Amino acid sequence: MEAITLNKPQATKTRNRTIRRVAVLGSGIMGSRIACHFANIGVEVLLLDIVPNALTPAEEAKGLNLDNPAVRNRIVNDAFQNTLKASPASLYSPKFADRIKLGNFDDNLKDIATYDWVIEVVVERLDIKRSLYERVEGFRKPGTLITSNTSGIPMHLLTEGRSEDFRRHFCGTHFFNPPRYLRLLEVIPGPDTDPEIIAFLMKYGDLYLGKTTVLCKDTPGFIANRLGIQSLIQTIRVAEELGLSVEAVDKLTGPVVGRPKSGTFRLSDVVGLDTTVNVAKNLVQMPHDESRASFELPATMQKLMENKWLGDKTGQGYYKKIKDEKGKSVILALDLKTFEYKPSEKVKFATLEATKSIDDIRKRFPVLLAGKDGAGEFYRRTFADGFAYATNRIPEISDELYKIDEAIKAGFGWQVGLFETWDAIGLQKGIELIEAIGKKPAQWVYDMAAAGFTSFYKVEAGVRKYYDIPSQSYKGIPGTEQFILLESLSNNIVWKNAGANLYDLGDGILNLEFKSKMNTFGAEVIEGINKGISLAEKDFRGLVIGNESTEAFSAGANLAMLFMFAIEQEFDEINLMIAQFQQTMMRARYSSIPVVGAPHTLALGGGCELNLHCDATVAHAETYMGLVEVGVGLIPAGGGTKEMAARASDLYQTGDPELNILQNIFMNIATAKVSTSAQEAKEMNYLRPNSQIVLNRSRQIAEAKQAAIELAENGYVQPKKRNDIKVQGRTGIALFKAGITAMRMGRYISDHDMKIADKLAYVICGGDLSYPQTVTEQYLLDLEREAFLSLTGEKKTLERIQSLLNGGKPLRN
């Protein structure tokens, strides 16, 4: 089976340590998902769980007994199947499930003798873990890594009674759920852990698992849960005190402050209230935490626990989903005063309205904290409390402040850490906020201010540094030496406009960064691409197109401008706009220097087309790529349809059913299918088979730069425009039309869907040609442009564009 192309060989070594096979003990939600993530990177996985002690009614009906293999593996089989069905997917590709072998502790634990790393992910009970470790030690090969995914049990308690070799190779490796998507991996040494093991795991987590690896002290909750759970509970407490609704708080604690759209209460429902409460019960007992009372449950949490309204797992929590009389799903929100459910309401605050035009999250914070309404008061109280708590956790849970920010960002999906947020409003302002709620930050903050320091982070010579408390100086963040972080390279900008920046990355490589909303393509971005190529051809040897947006590499074309021209029936302007876009894409493909795309998150429409025309792509593993123009009543016309026809042509071999190959590609475009990973983008031919996939986003720009250097140094030659693209002509059009007509008759598509699909079929098959033959790229580009232009004159296309611009929802008319 084909493995993912990683940015390094799949085996890594520190003192000849190689990870090829990993055994995961425990197949629950976390265990199965951890197993899947190792399978994602090409590792062979053994997933084990306990043997059932009783038959199910279904097993009894089949006449099975407890010795039957299907019964003995029932728990692990069921858990794994549930993981495979769950959304979002834990595997980059369904076929990677073959890399995971299932078994049970009684029959298969002996097999761990041939595995390089054993990860324990069983229930959070010390006695159960210790009992399992005793059995593991009977089979484990000396020198094998043994780690626990515990979220809070101290390491020294876990290894009590174990051999010296076990203790030396043991530590905590705390993944966050879901492991594929949340980037944090906390590494927690035990009292006897060999330093070489810690160094290895820190490197492996970063390089191979794509994680932000944070070295933690063995303290309750480690770092992320300690800060994250405290923030969640205090947020709920403040909401109660201020009389804010569930919907209001989720609005205030979502994307507007750079946090997941789930917000606070929805996050609680997803995680499970019982899970949060169990962690809080352990943390409230900490003797050395001056704020341990902040882990006491607010009234609403206590009442929810009494009612057993635990969230999604019980069907209701702070939210409840029901069906109305028409069978439509309706989301109800809990009224925190009456404790009854009511329909969710839209929330508005003057403070939030004031930030709508501020795209930079850091620039929003001063405005949010200055608000005169309930939102402003909420932010002042919750932010001040979070700032104070974080300062007092140093040096208890971490000696370095950057670890606290890295852990909370990677573990809870925050874009901006606590100390980074504080920097955005100013050191002195943060102190004043804390004092205003009757608290004080740790003494080291006052000492820092008295010494004349004004920020927790700074950039020097392109290196991001943090304030080191013991030395009262700034130090570089360890482990980031190989990263290229554009936000630290403001002095390296060689050209910019309103929509793009060009950075000199050194070694003769430029980087083009988009700066528009959702990085959509407008006139400024098109100008930036052309300027980047021109500068690179003149003074550099390669161009990388990449950015650090957490939302999108690019969400495609600027539809507002297209809509304006279409409404005014300015078809000459639309034709010119499409032609310029096509020429820009072709210029990226046929420049005299290598152009490397670095897609991530969303690469849709034009964002996909740009990467289709790059000489090479270095994609982040979480890249959701697709040609989605059909959704707004159009077809890809920035070279996308042309390029996919060319890629189909390249796949044809003697004896191949060519129409089947083309049909798969046609259906991906016609249904606006988006890949669920970079690996699936390969399978859909949006990425080439040799495209590089990077697991760690922080390494992506550096790896793309290296790819551009290698292309240049290996003698890059400007390619020639193609005239050998084989198209199917009338034969293909007839086949596709038959399928389209059948779908319309079955009412799977509308009349307008049918019209769009017909035009797509016409273009991708090369038009009205009497037999299959080869054509030029320009011929297909002209067909693309003509079809696109004709569709912009359709009323139903304009309705689709307007719907997307107004509400962000696709319209099926």
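Up top is the structure these notes are about.
Here's what I pulled together on the structure shown here. The structure displayed is predicted, hence computed values, not measured ones.

### Re the overall build of the protein
Stage number 1. Along the backbone of the protein there are 33 helices and 26 strands.
Stage number 2. Relative to the globule expectation of 28 Å for 813 residues, the C-alpha radius of gyration of the protein, 28 Å, shows essentially globular dimensions.
Stage number 3. C-alpha extents for the protein along the principal axes are approximately 80 × 70 × 65 Å.
Stage number 4. Buried positions account for 54% of the 813 residues belonging to the protein.
Stage number 5. Long-range pairs, those at least 24 residues apart, make up 70% of the contacts in the protein with a sequence separation of at least 6.
Stage number 6. Working note: accessible area of the protein is about 34300 Å², and carbon and sulfur atoms make up 51% of it.
Stage number 7. Side-chain charges in the protein split into 98 positive and 99 negative, and the spacing between the mean points of these groups amounts to 1 Å.

### Considering the pattern of salt bridges
Stage number 1. Within the structure shown, the criterion is met by 58 salt bridges.
Stage number 2. A salt bridge links D127 to R125; the shortest N-O distance between them is 2.6 Å.
Stage number 3. According to the relative accessible area criterion, D127 is partly exposed, its value standing at 44%.
Stage number 4. Taken together, the shared-partner salt bridges connect R362, E406, K409, E420, R464 and E487 into one network.

### Examining the sheet that holds strand β13 (residues 463-468)
Paired through backbone hydrogen bonds, the strands of a sheet run either parallel or antiparallel to each other.
Stage number 1. The sheet built from three strands is open, its strands ordered β12-β13-β14 with antiparallel pairing. For this open sheet the edge positions go to β12 (457-460) and β14 (473-476), each flanked by a neighbour on one side alone. Neighbour-to-neighbour, the strand axes of the sheet open up by a mean angle of 45 degrees, direction not taken into account.
Stage number 2. The pairing of β12 with β13 spans four bridges and is classified as antiparallel. Within β13, the position partnered with E460 by the bridge is V463.

### Points about the nonpolar core
Stage number 1. F38, Y204, L543 and Y686 are the most contacted members of the largest nonpolar core, which totals 118 residues.
Stage number 2. For this core, the leading source of residues is helix α31 (residues 751-764), giving seven residues.
Stage number 3. Residues I229, V257, L336 and A410 belong to the second largest nonpolar core, which totals 107 residues.

### Comments concerning the environment of L304
Stage number 1. Counting through the fold element by element, L304 comes out in helix α14 (residues 299-307).
Stage number 2. Through-space distance from the C-alpha of L304 to that of W495 is 56 Å; in sequence the pair is 191 residues apart.
Stage number 3. Apart from residues lying up to four places away in sequence, L304 is in contact with L273, W309, G317, Y318, L334 and F339.

### As for the packing of helix α20 (residues 427-436) against helix α21 (residues 443-450)
Stage number 1. Packing of α20 against α21 leaves a shortest axis separation of 11 Å and a crossing angle of 145 degrees. Along this stretch, α20 crosses α21, giving a crossing that reads as left-handed. Of the residues in α21, those in contact with L427, I431 and E435 of α20 are V445, Y446, M448 and A449.
Stage number 2. Residues that form the contact of α20 with α21 fall into these classes: six nonpolar, no polar and one charged.

### So, the sheet that holds strand β11 (residues 341-343)
Stage number 1. Pairing is antiparallel across the open sheet formed by three strands, whose spatial order is β9-β10-β11. At either end of the open sheet lies a strand with only one pairing partner, and these are β9 (319-323) and β11. Ignoring strand direction, the axes of neighbouring strands in this sheet form an average angle of 40 degrees.
Stage number 2. One ladder, built from three bridges, connects strand β10 (residues 329-334) with β11; its direction is antiparallel. When the sheet's bridge partners are listed, A333 is paired in β11 with K342.

### So, the packing of aromatic side chains
Stage number 1. If you walk through the whole model with that rule in mind, you get 31 aromatic pairs.
Stage number 2. Ring centres of F176 and F412 lie 6.2 Å apart, and the angle between their planes is 65 degrees; on these two criteria the pair is classed as edge-to-face. With F176 in the loop between β6 (170-175) and β7 (184-189) and F412 in helix α18 (residues 401-412), this residue pair connects regions lying 236 residues apart in the sequence. The pair formed by F176 and F412 is uniform in burial state, with each residue classed as buried.
Stage number 3. Over the face of the ring belonging to F166 we find R162, whose NZ or CZ atom lies 5.9 Å from the ring centre.
Stage number 4. A cation over a ring is seen here: R464 above Y457, with NZ or CZ 4.1 Å from the ring centre.

### Here we look at helix α22 (residues 523-539)
Stage number 1. The end-to-end C-alpha distance of α22, which contains 17 residues, comes to 24 Å, matching closely the 24 Å that a straight helix rising 1.5 Å per residue would cover.
Stage number 2. Against the buried residues of α22 lie β15 (493-496), β16 (500-506), β17 (509-514), β18 (542-545), α24 (571-589) and α25 (606-613).

### A closer look at unusual backbone geometry
Stage number 1. Cis geometry marks the peptide bond from S87 to P88; its omega dihedral reads 0 degrees.
Stage number 2. Mapped onto the secondary structure, P88 falls in the loop between α4 (74-85) and β3 (100-104).
Stage number 3. Here I394 and P395 are connected by a cis peptide whose omega angle stands at 10 degrees.
Stage number 4. The backbone of Q569 sits at a positive phi, close to 55 degrees, despite the residue not being glycine.
Stage number 5. Along the polypeptide, Q569 turns up in the loop between α23 (559-567) and α24.

### Thoughts on the packing of helix α26 (residues 640-651) against helix α27 (residues 658-670)
Stage number 1. The interhelical angle for the contact between α26 and α27, taken along N-to-C directions, is 155 degrees, at an axis separation of 9 Å. Put simply, α26 runs roughly antiparallel to α27. In terms of crossing hand, the pair formed by α26 and α27 is right-handed. Facing α26, whose interface residues are M644, A648 and L651, α27 presents I661, L662, I665 and I669.
Stage number 2. Tallied by class, residues from the contact of α26 with α27 come to seven nonpolar, no polar and no charged.

So, how was this worked out
- Residues numbered from 1 in each chain as written.
- Predicted model: local features only at pLDDT ≥ 70, side-chain atom pairs only at ≥ 80, totals over all residues.
- Heavy atoms only, no water.
- Helix = DSSP H or I, 4+ residues; strand = E, 2+ residues; numbered from the N terminus.
- Rg over C-alpha atoms; globule rule 2.2 N^0.38 Å.
- Buried < 20%, exposed > 50% of the residue type's maximum accessible area, 1.4 Å probe, protein only.
- Contact = heavy atoms within 4.5 Å.
- Areas by Shrake-Rupley, 256 points an atom, 1.4 Å probe, with all protein chains shown as cover.
- Lys, Arg positive; Asp, Glu negative; His and termini not counted.
- Charge placed at Lys NZ, Arg CZ, Asp CG, Glu CD.
- Salt bridge = Lys/Arg side-chain N within 4 Å of Asp/Glu carboxyl O.
- Pairing = 2+ DSSP bridges.
- Axes fitted to C-alpha atoms, helices over the stretch in contact; angles between N-to-C directions.
- Core = buried A, V, L, I, M, F, W, Y, C linked by side-chain atoms within 4.5 Å.
- Left-handed = near helix turned anticlockwise from the far one by under 90°.
- Nonpolar A, V, L, I, M, F, W, Y, C, P; charged D, E, K, R; others polar.
- Phe/Tyr/Trp six-rings, centres within 6.5 Å; stacked < 30°, edge-to-face > 60°.
- Lys NZ or Arg CZ within 6 Å of the ring centre and 35° of its normal.
- Expected span 1.5 Å × (residues − 1).
- Parallel < 35°, antiparallel > 145°, perpendicular 65-115°, else oblique.

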